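# Observations on the three-dimensional arrangement
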Number of protein chains: 4
Amino acid sequence: MIYLDTDYMAGCHPEILEALSATNKLHTPGYGEEDFTRRARRLILEACGIPEGACYFMTGGTQTNATVIDRLLHRNDGVVAADSSHINVHEAGAVEAWGHKILTLQNQEGKISGSRIENYLRDFYADDTHEHMVRPGMVYISFPTELGTLYSKKELEEIYSVCRQFNIPLYIDGARLAYGLAAPDNDVTLKELAQLCDVFYIGGTKCGAMFGEAIVAREQVLLPRFVSLMKLHGGLLAKGRLLGVQFETLFSNELYGRIGKYGVDLASQLKEFLKSKGFKTFINSPTNQQFFIIPNQIIDKLKGKVSFELWGPPGKEESKVRFVTSWSTPSDLLPRITQIFKDL
Amino acid sequence: MIYLDTDYMAGCHPEILEALSATNKLHTPGYGEEDFTRRARRLILEACGIPEGACYFMTGGTQTNATVIDRLLHRNDGVVAADSSHINVHEAGAVEAWGHKILTLQNQEGKISGSRIENYLRDFYADDTHEHMVRPGMVYISFPTELGTLYSKKELEEIYSVCRQFNIPLYIDGARLAYGLAAPDNDVTLKELAQLCDVFYIGGTKCGAMFGEAIVAREQVLLPRFVSLMKLHGGLLAKGRLLGVQFETLFSNELYGRIGKYGVDLASQLKEFLKSKGFKTFINSPTNQQFFIIPNQIIDKLKGKVSFELWGPPGKEESKVRFVTSWSTPSDLLPRITQIFKDL
Amino acid sequence: MIYLDTDYMAGCHPEILEALSATNKLHTPGYGEEDFTRRARRLILEACGIPEGACYFMTGGTQTNATVIDRLLHRNDGVVAADSSHINVHEAGAVEAWGHKILTLQNQEGKISGSRIENYLRDFYADDTHEHMVRPGMVYISFPTELGTLYSKKELEEIYSVCRQFNIPLYIDGARLAYGLAAPDNDVTLKELAQLCDVFYIGGTKCGAMFGEAIVAREQVLLPRFVSLMKLHGGLLAKGRLLGVQFETLFSNELYGRIGKYGVDLASQLKEFLKSKGFKTFINSPTNQQFFIIPNQIIDKLKGKVSFELWGPPGKEESKVRFVTSWSTPSDLLPRITQIFKDL
Amino acid sequence: MIYLDTDYMAGCHPEILEALSATNKLHTPGYGEEDFTRRARRLILEACGIPEGACYFMTGGTQTNATVIDRLLHRNDGVVAADSSHINVHEAGAVEAWGHKILTLQNQEGKISGSRIENYLRDFYADDTHEHMVRPGMVYISFPTELGTLYSKKELEEIYSVCRQFNIPLYIDGARLAYGLAAPDNDVTLKELAQLCDVFYIGGTKCGAMFGEAIVAREQVLLPRFVSLMKLHGGLLAKGRLLGVQFETLFSNELYGRIGKYGVDLASQLKEFLKSKGFKTFINSPTNQQFFIIPNQIIDKLKGKVSFELWGPPGKEESKVRFVTSWSTPSDLLPRITQIFKDL
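### Points about the overall build of chain A
Looking only at helices and strands, chain A features 14 helices and 13 strands. Computed over the C-alpha atoms, the radius of gyration of chain A is 21 Å, within 12% of the 20 Å expected from 2.2 N^0.38 for a compact globule of 344 residues. Overall size of chain A, expressed as C-alpha extent along the three principal axes, is 60 × 60 × 35 Å. Expressed as a percentage of the 344 residues in chain A, the buried residues total 65%. Considering only contacts within chain A whose residues lie at least 6 apart along the sequence, 74% involve residues at least 24 apart. Accessible surface computed for chain A: about 12,500 Å², of which carbon and sulfur atoms make up 49%. The positive charge centre, built from 37 side chains, and the negative charge centre, built from 41, are 4 Å apart in chain A.

### Observations concerning the pattern of salt bridges
In this structure the tally under the stated criterion is 68 salt bridges over all chains. A salt bridge links aspartate 265 of chain D to lysine 261 of chain D; the shortest N-O distance between them is 2.7 Å. Of the two residues, aspartate 265 of chain D and lysine 261 of chain D both sit in helix H12 (residues 255-276), four residues apart, roughly one turn of that helix. Looking at aspartate 265 of chain D, the relative accessible area reads 32%, which means it is partly exposed. For lysine 261 of chain D, a relative accessible area of 46% corresponds to the partly exposed category. Through salt bridges that share partners, Asp77 and Arg135 of chain A together with Arg225 of chain C make up one connected network.

### Quick look at helix H14 (residues 333-343) of chain D
Three- or four-residue spacings in an α-helix give side chains the same orientation, since the helix completes a turn every 3.6 residues. Residue and element names in this part refer to chain D. Within the span of H14, buried status applies to Leu333, Ile337, Ile340 and Phe341. Looking down the long axis of H14, one finds its buried residues gathered within 95° of arc, a one-sided arrangement. Among the exposed residues of H14, those pointing more than 90 degrees away from its buried face are Pro335 and Lys342. Looking at the buried positions of H14, the neighbouring elements they touch are strand S1 (2-3), H12, helix H13 (296-302) and strand S11 (306-307).

### Some points on the relation of the copies chain A and chain C
With an RMSD of 0.0 Å, the fit of chain A onto chain C corresponds to turning through 180° and sliding 0.0 Å along the axis. Read as a symmetry element, the transformation amounts to a two-fold axis. Residue by residue, 100% of the interface of chain A is reproduced at the interface of chain C, so both copies engage with the same surface.

### Concerning the sheet that holds strand S6 (residues 170-174) of chain B
Residues and elements named next belong to chain B. Strand order in the open sheet made by the seven strands is S2-S8-S7-S6-S5-S3-S4, with mixed pairing throughout. At either margin of the open sheet sits one strand with a lone partner, and together these are strand S2 (54-58) and strand S4 (102-105). Sheet twist, expressed as the mean angle between neighbouring strand axes with direction ignored, is 25°. In this fold helix H2 (residues 35-47) packs onto S2, strand S7 (199-203) and strand S8 (213-217), with an angle of close to 125° to the strand it touches most, S2. Against the sheet, helix H3 (residues 61-72) contacts S2, strand S3 (77-82), strand S5 (135-142), S6, S7 and S8, and its axis sits at roughly 175° relative to S6.

### Details of the pairing of strand S9 (residues 280-283) of chain B
All names here are of chain B. Where S9 and strand S10 (residues 289-295) come together, three bridges link them in antiparallel fashion. The residue bridging lysine 280 from the neighbouring strand is isoleucine 293, located in S10. What sits between S9 and S10 in their antiparallel hairpin is a turn of five residues.

### Observations regarding the interface of chain A and chain C
Contacts between the two partners involve 20 residues from chain A, matched on the other side by 20 residues from chain C. Overall, the association of chain A and chain C removes approximately 1,800 Å² of surface from exposure, summing both partners, and the carbon and sulfur fraction of that is 44%. Together, Arg75, Asn76 and Arg225 of chain A form the three largest contributors to the area buried by chain A at its contact with chain C, with a combined 40%. In this assembly, chain A and chain C are joined by four salt bridges. Of the charged contacts, one joins arginine 75 of chain C and aspartate 70 of chain A as a salt bridge, the two residues approaching to 2.6 Å between their closest N and O atoms. Here chain A is connected to chain C by twelve residue pairs in polar contact (both at pLDDT 80 or more). Elements that contribute at least two residues to the side of chain A that touches chain C include exactly helix H3 (61-72) and helix H10 (226-232) of chain A. The biggest single contributor to the side of chain A that touches chain C is H10 of chain A, with five residues.

### Observations concerning the side chain of serine 326 of chain A
Residues and elements named next belong to chain A. Structurally, serine 326 is set in the loop between strand S13 (318-324) and helix H14 (333-343). The exposure class of serine 326 is buried, given its relative accessible area of 1%. Within the structure, the side chain of serine 326 is placed 2.9 Å from the backbone nitrogen of serine 328, a separation counted as a polar contact. Setting aside anything within four residues of it in sequence, one finds serine 326 in contact with Asp7, Tyr179, Tyr262 and Gly263.

### Some words on the interface of chain B and chain C
The interface of chain B with chain C comprises 42 residues on the first partner and 42 residues on the second. Inspection of the chain B/chain C interface yields zero salt bridges. Summed over the shared surface of chain B and chain C, the number is 24 residue pairs in polar contact (both at pLDDT 80 or more). If you list the elements that add at least two residues to the side of chain B that touches chain C, you get helix H1 (14-22), H3, helix H5 (94-97), helix H10 (226-232) and helix H11 (241-250) of chain B. Residue contributions to the side of chain B that touches chain C peak at three residues, all from H10 of chain B. When its residues are assigned to classes, the side of chain B that touches chain C shows 21 nonpolar, 16 polar and five charged.

### So, empty space enclosed by the protein
The gaps of empty space that remain are located by a probe, the size of a water molecule, rolled over the atoms. This model, assessed by the stated rule, comprises 14 cavities of 30 Å³ or more. In this structure, the largest cavity spans a volume of roughly 120 Å³. Lining the largest cavity are 16 residues, and of these Arg75 and Ala97 of chain A, Ala97 of chain B, Ala97 of chain C together with Ala97 of chain D lie nearest its centre. For the lining of the largest cavity, the per-class residue count stands at eight nonpolar, four polar and four charged.

### Considerations on the sheet that holds S13 of chain A
Each strand in a sheet pairs with another by means of backbone hydrogen bonds, the pair being arranged parallel or else antiparallel. Residue and element names in this part refer to chain A. The strand order across the open sheet formed by four strands is S9-S10-S13-S12, and the pairing between neighbours is antiparallel. Since the sheet does not close on itself, it has two edges, and those belong to strand S9 (280-283) and strand S12 (309-310), each with one partner. Each of strand S10 (289-295) and S13 touches helix H12 (residues 255-276); the most contacted strand, S10, lies at about 20° to it.

### Quick notes on the packing of aromatic side chains
Residues and elements named next belong to chain A. Inspection of every chain in the model, using the stated rule, returns 52 aromatic pairs over all chains. Taken together, a centroid distance of 6.0 Å and an interplanar angle of 55° make the contact between phenylalanine 279 and phenylalanine 341 tilted. Taken together, the residues phenylalanine 279 in the loop between H12 and S9 and phenylalanine 341 in helix H14 connect sequence positions 62 residues apart. Classification of phenylalanine 279 by relative accessible area gives buried; the value is 12%. Its relative accessible area of 12% is what places phenylalanine 341 among the buried residues.

### Regarding the relation of the copies chain B and chain C
Here chain B sits on chain C after a turn of 180° about the axis and a move of 0.0 Å along it, with an RMSD of 0.0 Å. Mapped onto chain C, 100% of the interface residues of chain B are again interface residues, and the two copies thus contact each other with one and the same surface.

### Overview of the environment of glycine 257 of chain A
If you trace the backbone, glycine 257 of chain A turns up in helix H12. Here glycine 257 of chain A falls in the partly exposed class, since its relative accessible area comes to 45%.

### Considering the packing of H12 of chain D against H14 of chain D
All names here are of chain D. Contact pair H12 / H14: the axes reach a minimum separation of 9 Å and the direction vectors enclose 25°. The orientation of H12 with respect to H14, classified from their angle, is roughly parallel. In the packing of H12 onto H14, the handedness of the crossing is right-handed. Of the residues in H14, those touching H12 at Leu266, Gln269, Leu270, Phe273 and Leu274 are Leu333, Leu334, Ile337, Thr338 and Phe341. Here the residues of the contact of H12 with H14 sort into eight nonpolar, two polar and no charged.

### Here we look at the pairing of S8 of chain B
Residue and element names in this part refer to chain B. Counting buried positions along S8 yields five of five residues, so the element is predominantly enclosed. Where burial is concerned, the two faces of S8 agree: the one with Glu213, Ile215 and Ala217 and the one with Ala214 and Val216 are both buried. Here five bridges tie S7 to S8, and the two strands are oriented antiparallel to one another. Directly across from tyrosine 201, in S8, lies its bridge partner isoleucine 215.

### A few points about the side chain of serine 285 of chain B
All names here are of chain B. On the secondary structure map, serine 285 appears in the loop between S9 and S10. Judged by its relative accessible area of 1%, serine 285 falls in the buried class. Within polar-contact distance, the side chain of serine 285 engages the backbone oxygen of glycine 148 at 3.3 Å. Ignoring sequence-local partners within four residues, the contact set of serine 285 consists of Leu147, Gly148, Lys271, Gln290 and Phe291.

### Regarding the confidence of the model for chain A
Per-residue pLDDT for chain A averages 97, and the proportion of residues at 70 or more is 100%. As a predicted assembly, this complex carries a pTM of 0.97 together with an ipTM value of 0.97.

Thresholds, definitions, all that
- Per-chain numbering applies: the sequence of each chain, read as written, is numbered from 1 onward.
- Going through the entries in the order they are written, you letter the chains from A and number the ligands from 1.
- Predicted model: local features are reported for residues with pLDDT of at least 70 only, side-chain atom pairs are reported and counted for 80 or more only, and whole-chain, interface and lining totals are derived from all residues.
- Excluded from the side-chain calculations are hydrogens and water; all other atoms, namely the structure's heavy atoms, are used.
- Strands are runs of DSSP state E lasting at least two residues, helices are runs of H or I lasting at least four, and both sets are numbered from the N terminus onward.
- All radius of gyration figures rest on C-alpha atoms, and the globule criterion is 2.2 Å times the number of residues raised to 0.38.
- Accessibility here uses a 1.4 Å probe with only protein chains present; expressed as a share of the type maximum, an area under 20% marks a residue as buried, one over 50% as exposed, and anything in between as partly exposed.
- Contacts are residue-level and defined by heavy atoms, with any inter-residue pair within 4.5 Å sufficient.
- The method behind every accessible area is Shrake-Rupley, applied with a 1.4 Å probe, and residues are considered shielded solely by the protein chains displayed.
- Here Asp and Glu are counted as negative and Lys and Arg as positive; His is not counted, and neither are the chain ends.
- The location of each charge is read from NZ of Lys, CZ of Arg, CG of Asp or CD of Glu.
- Within this document, salt bridges are pairs made up of a side-chain nitrogen of Lys or Arg and a carboxyl oxygen of Asp or Glu, the two lying within 4 Å of each other.
- Think of the arc as the fan of directions from the helix axis to the C-beta atoms.
- Copies are brought into register by a least-squares superposition over C-alpha atoms of residues with pLDDT of at least 70 in both.
- One bridge is not enough; two strands pair if DSSP finds at least two bridges between them.
- Inter-axis angles, ranging from 0 to 180 degrees, are taken between N-to-C directions of lines fitted to C-alpha atoms, where helices are fitted over the stretch in contact.
- Here the buried area means the combined drop in accessible surface, using a 1.4 Å probe, for two parts upon being joined, counting both sides.
- Nitrogen and oxygen atoms within 3.5 Å of one another constitute a polar contact, given that in protein one can donate a hydrogen and the other can accept it, and given that sequence-neighbouring residues count only through two side-chain atoms.
- Residues are grouped as follows: Ala, Val, Leu, Ile, Met, Phe, Trp, Tyr, Cys and Pro are nonpolar; Asp, Glu, Lys and Arg are charged; all remaining types, including Gly, are polar.
- Cavity: a set of points on a 1 Å grid over the protein atoms alone where a 1.4 Å probe fits but cannot get out. Pocket: an open set with protein on both sides within 12 Å along at least five of seven lines, its lining residues, like those of a cavity, having an atom within 4 Å of a point.
- Grid points are joined across faces, edges and corners, and a volume is the space filled by probe spheres set on the points.
- Only Phe, Tyr and Trp rings are paired, with Trp represented by its six-membered ring, and only when their centres lie within 6.5 Å; those with planes under 30 degrees apart are stacked, over 60 edge-to-face, the remainder tilted.
- Under this scheme an angle from 65 to 115 degrees is roughly perpendicular, one under 35 degrees roughly parallel, and one over 145 degrees roughly antiparallel; angles in between are oblique.
- Two helices crossing with the near one rotated counterclockwise from the far one by less than a right angle form a left-handed crossing, whereas a clockwise rotation gives a right-handed crossing.
- What pLDDT expresses is the predictor's confidence in each residue, scored from 0 to 100.

Dropping the structure here:
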């Protein structure tokens, strides 16, 4: 069976398991107050080109989003985001649970544009009753988006320019950042990304770590008293060094880049193969998620051989499906898939 | 000057002022633990045909909505509502501040339909990932809506039938209920309304009271420990009898009905007059809010004579405007408006 | 019957009722955007000697406390307060409902001292684990306290000096401020009070208004976007001018001062009378609340003649009771009480 | 160096590391929907003697406490707990952040008694103003307590009897449960504990797991829609099987019992040794935390040889210190400590 359901189905990349095993017996202080975490932080901030920035580690994406958004917003602020965004759809209301409205804009293949955001902000401030409305206090986007798509450098510049014009922070959810940075179509480097937003997170859970996300802020002042806030949110790991060890490994020997490239290469091979078979994409994703329309008959035949998700309710004759590759996808995906289709 | 901006521009109906004055010197216990409040409660529940129901008083609409919704929802539930609803647009995020997501459906002239709600609920439960989504835990509608429109009895029956099918409560915001019940097109009585939802509120602030809203629940069990919850929400008035005195007056001698009829009659006269002048409505409202498209030239000429609100940004040649009547609109509105238009 | 249960048992001072009646028919914009509110604000800030300060109006004390504290605290901050404080005991958890812990210090007759606060703050910052603890982000005191006592000017100076040293705001709950300022023992003027804290509120509900509290901040920057926050908290009154009219009246013709003096004078007379009868106070209050220990036999005999509250559970032979005077207490309290005791 | 600072300084027990390594490459569904988690749940519920109960896994203690308490309480309820409890002191206000007040009782060596709880509950319901107060909606205790002490079976029975009498749930924080169950003085079995409360958690983080806590409820109905609530709280681990694998290991081959006994045995040896040296305990703990008063001179000499924590601010001549053993403490602790003291 080949598992292409999602990118968090296996434990962790072997190099990370090795690092966790090698350091297992050591005794260190808790809550990230040790050298693994310090080194991981330094490595990440150097890789981002902002050695004076801030970096914190949490265990999962929903927790990270809720905590960062809660820090960046004032009480009576909301966060502007695509209606398709993870925070709006698949985090069980965690942002609202902390009191903040999500101000949704209609997505275009998972993305929202600078001009659309600008119009929204202008309209808000032009409205006489805006004191009775939720002030847009920040912008959230994901890179790659939930639909696998990427913002170009120019698109990010436009969005960030609007944010600076209105003096509100831009936060980028990088749950699958490794696969975004490694995509052939991508024209944004990690260093550039760090200059095109205020805070972002580098996803670990879906990109080779056992668990963990690295929050990066261009300036420390953006995330004041953040350790205490992570504790308040139930997201300060007791054995914080587990996150330090993992991210130190991810940002040594270019592991994070290798993982991204590995996943994206396999996704590209899969995409080309499926297109060569005549299947159509319903979203043209350059990253590790691939979205195809497949006849139900074929979907049935693939059962027990390839595992993947239906995307929404099944259609009558054909259905939308998603294939996801990752660091844990077998490297011989293409020949195996080819053989499976031959045998159908 | 004739003020048609909104329906909360004057103090209170003279009969209410008289009642407040007549009782001013009395000493009574606080927090609604006295006979004015008890009588008001009994009068209201009798008028609603549910003598065994529950009735509580709060001072304003946003407070009332936030408190009732907070009571009806579990922590990890959201409220289904029209995107145009007051709670979604003009309450500064009060529902989200208490941790609840508003699950918006696109409105049709301020309304949402039973079938649209049913589809939403079906889709939610059919979704494999729904544990990661906000559960729709209740439905909110307004009667009249924010756009002055009304649900027919049949429409309410359909909505409530869906709610019962999915075992979630229906809550009706009646900020302008007096004007809804009194509308010529309306086919729902107060007693019927009380049978077509679980909780609703009878608006006082916009319907003749100095301030205050009466929350009505078909069964007491729907609003457990509600006095304590009102206190928690900062909405338990120390001199609760002020609310009791007002609602006792509103529900004696048919005052509430008279106020509604008065406001709606004047609105009808205004509507017919404006239509006779060739102006077009952009929403066909049967209640005390009237929505017209008026040439900017005429809008300018009306300045200093009639006061009203632009509805959204002004257009190039003509603009959308709203006229609102109420218990405090002068009874000679029609002759005065007619004269004003003659003099333009 | 003479009612001495509490100070919010009657409607409002006749001069306020007159002002509300006289202005009842006027049409004005909502939410405090009119001249009554502007004049009230100016009168109050002038009376406080801080014409450049900020002033907002809300309808009740719990609402006011929850909203101001929510504004002054960051998410991961708590408020230092006496264990006997109203916010800790009698607001149904409203401060915690908005996410903030109350950090309690043991009271001394309702008060906490500057040195006790200082020790608490020092200990907090000296604790290695303080990132895991709730940071004391402000101090709350009441003037008069819930037990009728007053801080001296020197005591307030000491408390405020500690707050400034630790750079956290001091907020004073003045629910019964009129009676505190008018107390013979009091050595603090309103102008001085305004210089000895960052934000305080001038109680209306218990001091002659029908309802309402006036929030005063030394600098506008202390309460940013406060109208929107009041809306979020469900505490922005639609007909805001009702609050403006009341506070304009209270701060014209020295009404607020007269009300305070009236209540305190009657309380002093009652206190001297009861002491002359041999009863003992269990708290020595200089304001409108008086706390005495009375034999149960006498308490029984007073029933139907004087109404007042037991303070805590009744004792075996004698019990603690509270008598409260106000603007609505009859001016012939002393002769009537004298006669009642004669007739016992 | 011997590390006795706390019990979460090393990675995880070798048997758990082995299990995580052995299963690392497997692909499984996320969020605990796989067989490791199912088996772990079954093993735990069997060990607790409640096969029909509910069991969920989260990553850390603060997260677990905040989520369980949030589920067990209604909006306007608080949790009764010792003033020394972890939730009150060291969770950065996480319980209050979710809106709930902690109603503190003074601890006796970390514990609170059934009779003290009963008095508090009685007083609450006897108070006329209790609708204005926070209702005690559940009781929280820890076993062992934060001070290493244990409740006897009789004490637990008394507490739980009070809870049932008032119809509120009892929740036990078992962060260090392994060391409590294994203590020689302990007279409560795991099966008995499960019958003496409604919900408790079995600590993993401090008891041999890399991270993770197992929440156990006697009945599933006590924790409705809990997966969704964990998601809302940011505590639903994507690779949920990591928790399943760890707890399956802990509850196979009696590992959890062995770990507890190992830690407690070493703590007993240390305690006897220190007592034999003439040092005094300031709390008499039967579990893996030991609390001694040690001369500062000796504390200084131990630096670089044994690492441990000062308990509160240092004294002039002697100070309070805490020593903590765990599964990761070297088995030759006693001879090494003996030698170190010889060499002082």
